[in-house]
Amino acid sequence: MTKKMSLPITSVKLDDSIKKELSDLIDTGWLVQGPKVKEFEDLWCQFTGVKHSIAVTSCTTAMHASLTAMDIGPGDEVIVPAFTWIATANVVEHVGAKVVFCDIDINTFNIDTLKLEKLINENTKAIIPVHLFGLSCEIQEILNIANKYNLKVIEDGACGFGSYYNNIHVGNFGHTGCFSFHPRKAITSGEGGMITTNDDELAIKLRSLRDHGAEMSDLQRHLGPKPYLLSSYEYAGYNFRMTDLQATVAIPQMHTAKENSNNRINLSKKFNQLLDEIDWLSYPKVDERFQHGYQSYVCLFNPEKIDKNNVGKINSLRNNFMEYLQDLDISPRPGTHAVHALGFYKRKYNTVENDFLNAWIADQCSLGLPFYPSMNSSEFDYLANAIINYKF
């Protein structure tokens, strides 16, 4: 084994120019949602090809505002994948609707469209598909089903930067797309999110909802002919506003977004080549319709075929491997949650782990490896040697 080094699960590298940009912003005295947020929104539109981008405080609030804007609430049902970050389900609870879980395709970690239609009934109002870890879900199949039953589609693209389906960036397909700028994401503002939509009327409503329900923003009022008058408030909205401080951190990253995306793709090729030689780790296979954004690199720990009878055994073996990596100062992580198996949802919906078996297998046997565009050859080789030399 080579000299020990430290590999975090991800690494955020921000350009030094951001410090000056922040200093200049502070000198302007305008720190709240303002011209920098507008600039960031415009850059996001340019990168994704979407018509409207609305910056908010997180992907969670992006989804929450989307549900509210579509009048989804008590008595309604919303279908979400059983394997996702808990926020995908939480926002449904926050608006008073019922979460309906759908199992995933274990080969992609995304929602299984073959199991989707049977979950729809007269109370179903929306689907929140997730482009998990940067791989687009089968979004066209989902849209076909949604259109058949007149359902809303809210894309959870928290991991979706640089992710495409048939050369169209995710966030362009549903009624809205929702993105995250948490530090583990490819573009970060510390915390923050973005709503995308190609619907003009929906964009107006979402801009209002993020700002307490105001008819116009503080910046619009400040620059208008009568800044001394307060705005009209048409909705009982929220304070979901991104600040200019956060936008200033994100803007320089947008200018190198394509390079960032290409670096992730090139690094993923090295990982794929490595794992092609490892018969107990499998990564999602991507066909020509998809461009994986590789927000993270998550594989399945499967030294043998996994089913309900041996998932506990495989989980124990995976955890031993994760402990081995951690002892080498390499930071692995599980992929994400099987949400139906978490305390709140188990109690409320009386679910058990095997109700959504593939989600449970992914919960217990997925493995995220250190992955970031700045990973150098020495770091990759250190990780590769650790994997190659592992003995069960």
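Quick summary incoming for the structure in this document. (Residues numbered from 1 in each chain as written. Predicted model: local features only at pLDDT ≥ 70, side-chain atom pairs only at ≥ 80, totals over all residues. Heavy atoms only, no water.)

A look at helix H1 (residues 17–28)
Across its 12 residues, H1 extends 17 Å between first and last C-alpha, which sits within 8% of the 16 Å expected from 1.5 Å per residue. A positive backbone phi angle near 85° is found at Gly29, which sits one or two residues after H1. (Helix = DSSP H or I, 4+ residues; strand = E, 2+ residues; numbered from the N terminus. Expected span 1.5 Å × (residues − 1).)

Topic: unusual backbone geometry
Its identity is not glycine, yet Asp329 carries a phi of approximately 65°, on the positive side. The residue Asp329 is located in the loop between helix H10 (311–327) and strand S14 (337–338) in this model. With a relative accessible area of 32%, Asp329 lands in the partly exposed category. (Buried < 20%, exposed > 50% of the residue type's maximum accessible area, 1.4 Å probe, protein only.)

Thoughts on the packing of aromatic side chains
A complete count under the given rule lists 34 aromatic pairs for this structure. Relative to Tyr297, the ring of Tyr283 has its centre 6.4 Å away and its plane inclined at 40°; by these criteria the two rings are tilted. Placement of Tyr283 in the loop between strand S11 (281–282) and strand S12 (290–291) and of Tyr297 in strand S13 (residues 297–301) is noted, with a sequence separation of 14 residues between them. Take Tyr283 and Tyr297: they sit in the same class, and that class is buried. Measuring from centroid to centroid gives 6.1 Å for Tyr294 and Phe371, while their planes differ by 40°, and the two rings are tilted. Linking Tyr294 in the loop between S12 and S13 with Phe371 in the loop between strand S15 (366–369) and helix H13 (377–388), this pair joins segments that are 77 residues apart in sequence. A single burial state applies to Tyr294 and to Phe371, both of which are buried. Among the aromatic residues, those joined into a cluster by ring pairs are Phe40, Trp44, Phe47, Phe161, Phe179 and Phe181. Lys285 extends its terminal NZ or CZ atom over the ring of Tyr283, reaching a point 4.1 Å from the ring centre. (Phe/Tyr/Trp six-rings, centres within 6.5 Å; stacked < 30°, edge-to-face > 60°. Lys NZ or Arg CZ within 6 Å of the ring centre and 35° of its normal.)

Comments concerning a nonpolar patch on the surface
A cluster of nonpolar residues, Ile26, Leu31 and Leu245, forms a patch on the protein surface that exposes about 240 Å² of accessible area. Relative to the helices and strands, Leu31 is located in the loop between H1 and helix H2 (35–48). By relative accessible area, which is 35% here, Leu31 ends up partly exposed. (Patch = residues over 30% accessible without salt bridge, like charges linked within 9 Å, V, L, I, M, F, W, Y side chains within 5 Å. Areas by Shrake-Rupley, 256 points an atom, 1.4 Å probe, with all protein chains shown as cover. Salt bridge = Lys/Arg side-chain N within 4 Å of Asp/Glu carboxyl O.)

What about the side chain of His169?
The residue His169 is located in strand S8 (residues 168–169) in this model. On the accessibility criterion, His169 (1% relative accessible area) is buried. Only 2.9 Å separates the side chain of His169 from the backbone nitrogen of Gly162, close enough to count as a polar contact. For His169, the residues in contact, after removing those within four places along its chain, are Phe47, Thr48, Gly160, Phe161, Gly162, Ser163, Tyr164 and Phe179. (Polar contact = N/O pair within 3.5 Å; in protein donor to acceptor, adjacent residues only side chain to side chain. Contact = heavy atoms within 4.5 Å.)

Regarding the pairing of S13
With 5 of its 5 residues buried, S13 lies for the most part within the structure. Relative to S13, S11 is paired through 2 bridges, and the arrangement is antiparallel. Counterpart to Leu281 in the pairing with S13 is Phe301. Pairing analysis gives 4 bridges linking S13 to S15, with the strands arranged antiparallel. When the sheet's bridge partners are listed, Val298 is paired in S15 with Gly368. (Pairing = 2+ DSSP bridges.)

Regarding the packing of H10 against helix H12 (residues 357–365)
To describe two helices that pack against each other, one gives the angle between their axes and the distance between the axes. H12 packs onto H10 with a crossing angle of 25° between their chain directions and a minimal axis gap of 8 Å. With respect to their mutual orientation, H10 and H12 come out roughly parallel. Contacts between H10 and H12 pair Val311, Ile314, Asn315 and Arg318 from the former with Trp360, Ile361, Asp363, Gln364 and Cys365 from the latter. Residue composition of the contact of H10 with H12, by class: 5 nonpolar, 2 polar and 2 charged. (Axes fitted to C-alpha atoms, helices over the stretch in contact; angles between N-to-C directions. Parallel < 35°, antiparallel > 145°, perpendicular 65-115°, else oblique. Nonpolar A, V, L, I, M, F, W, Y, C, P; charged D, E, K, R; others polar.)

Description of the packing of helix H3 (residues 59–69) against helix H4 (residues 87–94)
The interhelical angle for the contact between H3 and H4, taken along N-to-C directions, is 40°, at an axis separation of 9 Å. Our classification of the angle between H3 and H4 gives oblique. The interaxial crossing formed by H3 with H4 has right-handed handedness. Residue-level contacts link Thr60, Met63, His64 and Leu67 of H3 to Ala87, Thr88, Val91, Val92 and His94 of H4. Considered class by class, the residues forming the contact of H3 with H4 number 5 nonpolar, 4 polar and no charged. (Left-handed = near helix turned anticlockwise from the far one by under 90°.)

A word on the pattern of salt bridges
This model, assessed by the stated rule, comprises 19 salt bridges. The residue Lys205 makes a salt bridge to Asp71 at a minimum N-O spacing of 3.4 Å. With Lys205 in helix H6 (residues 200–209) and Asp71 in the loop between H3 and strand S2 (77–81), this pair connects stretches of sequence that are 134 residues apart. For the salt bridge of Lys313 with Glu304, the shortest nitrogen-to-oxygen distance reads 2.8 Å. Judged by its relative accessible area of 47%, Lys313 is partly exposed.

Some details on the environment of Val78
One can find Val78 in strand S2. C-alpha separation for the pair Val78 and Ser189, spaced 111 residues apart in sequence, amounts to 29 Å. When residues no more than four places from it in sequence are discounted, the contact partners of Val78 are Leu67, Ile72, Val92, Ala97, Lys98, Val99, Val100, Ala126 and Ile128.

What to know about the sheet that holds strand S7 (residues 164–165)
Across the sheet, 3 strands lie side by side as S8-S7-S12; this open sheet has antiparallel pairing. If you trace the sheet from one side to the other, it starts and ends with S8 and S12, each paired once. Two elements, S7 and S12, share 2 bridges in a ladder whose sense is antiparallel. Bridging from a neighbouring strand, Tyr165 pairs with Phe290 of S12.

So, to be careful, I would describe these as geometric facts and stop short of saying anything about function.
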